[in-house]
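# An overview of the molecular structure
For reference, the chains in residue letters:
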Amino acid sequence: MTAVPRRRMVPAYLATGGRARAGADGFERLTVLFATGAEQPAALTELEAEHRRLWELLRPGALTVVEAAAHLRLPVSATVFLAADLVEAGCLHARAPIPRAQQTDRSLVERLLVGLRTLR
């Protein structure tokens, strides 16, 4: 039997400072987060260890809020708080998720195919 990974012992509300609302609106589960630069910003030293962990995680590249939460082993809602704080401090950038592409009209594709076949 394999060992079950241990859960965090620190409650998620401690990572958020006990707040109930994030500082920035518009964060979704698929919002893309990325660090502002390779050098550690001065504002980061004034924040908690969880904030620094999130920034370190995002320094090599971008992740969605959900992916970052999984790496940090925090709930998505707590990760939104951390990300909002870092965006507000200028340590991270957040980009809205890419909208899902619209379905292509099947009749348009069929007419295009017919047109291409007549060019032979």
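These remarks concern the structure in this document. As the structure is a computational prediction, the values presented were derived from the model and not from experiment.

Conventions used here
For every chain, the first residue of the written sequence is number 1, and numbering continues from 1 onward in sequence order. The model is predicted, so local features are restricted to residues of pLDDT at least 70 and side-chain atom pairs to those at 80 or more, both for listing and for counting; the totals for chains, interfaces and linings are taken over all residues. Side-chain metrics rest on all non-hydrogen atoms present in the structure, leaving aside hydrogens and water. For each residue, the accessible area found with a 1.4 Å probe, counting protein chains only, is set against the maximum for its type, and the residue is called buried under 20%, exposed over 50%, and partly exposed in between. For helices the rule is a DSSP run of H or I covering at least 4 residues; for strands it is a run of E covering at least 2, with both sets numbered from the N terminus onward. Each direction from the helix axis to a C-beta atom contributes to the arc, which is the arc of those directions. Pairs of strands are assigned from DSSP output, requiring at least two bridges between the strands. Here, residues are in contact when the closest pair of their heavy atoms is within 4.5 Å. Lines fitted to C-alpha atoms define the axes here, with helix axes fitted over just the stretch in contact, and angles between the N-to-C directions of these axes take values from 0 to 180 degrees. The term salt bridge refers to a pairing of a side-chain nitrogen on Lys or Arg with a carboxyl oxygen on Asp or Glu at a separation within 4 Å. Among buried residues, the Ala, Val, Leu, Ile, Met, Phe, Trp, Tyr and Cys ones that are joined through side-chain atoms within 4.5 Å form a nonpolar core.

### Observations regarding helix α2 (residues 49-58)
Glu-50, His-51, Leu-54, Trp-55 and Leu-58 are the residues of α2 that are buried. All buried residues of α2 fall inside an arc of 140° around its axis, so they share one side.

### A look at the sheet that holds strand β1 (residues 32-35)
Taken in spatial order, the 3 strands make up an open sheet running β2-β1-β3, and their pairing is antiparallel. Each having just a single partner strand, β2 (63-64) and β3 (92-95) make up the two edges of the open sheet. Contacts from helix α4 (residues 76-88) reach β1 and β3 within the one sheet, and its direction differs from that of β3 by about 115°.

### A closer look at the pattern of salt bridges
One pass over the structure, following the stated rule, counts 3 salt bridges. For the salt bridge of Arg-53 with Glu-50, the shortest nitrogen-to-oxygen distance reads 3.0 Å. Here Arg-53 and its partner Glu-50 are both found in helix α2, 3 residues apart, which amounts to about one turn of the helix. Residue classification places Arg-53 among the partly exposed residues on the basis of a relative accessible area of 36%. A salt bridge links Arg-59 to Glu-56, with the shortest nitrogen-to-oxygen separation between them at 3.0 Å.

### What to know about the nonpolar core
If you look at the biggest cluster of nonpolar residues, it comprises 20 residues, and the most contacted ones within it are Phe-27, Leu-33, Leu-54, Trp-55, Leu-58, Leu-86 and Leu-92. At the level of elements, β1, α2, α3 (65-72) and α4 are the ones that each hand at least two residues to this core. Per-element tally for this core: the top contributor is α4, with 6 residues. Look past the residues within four positions of Phe-27 in its chain and what remains in contact with it is Leu-33, Val-65, Val-80, Ala-83, Ala-84, Val-87 and Ala-94.

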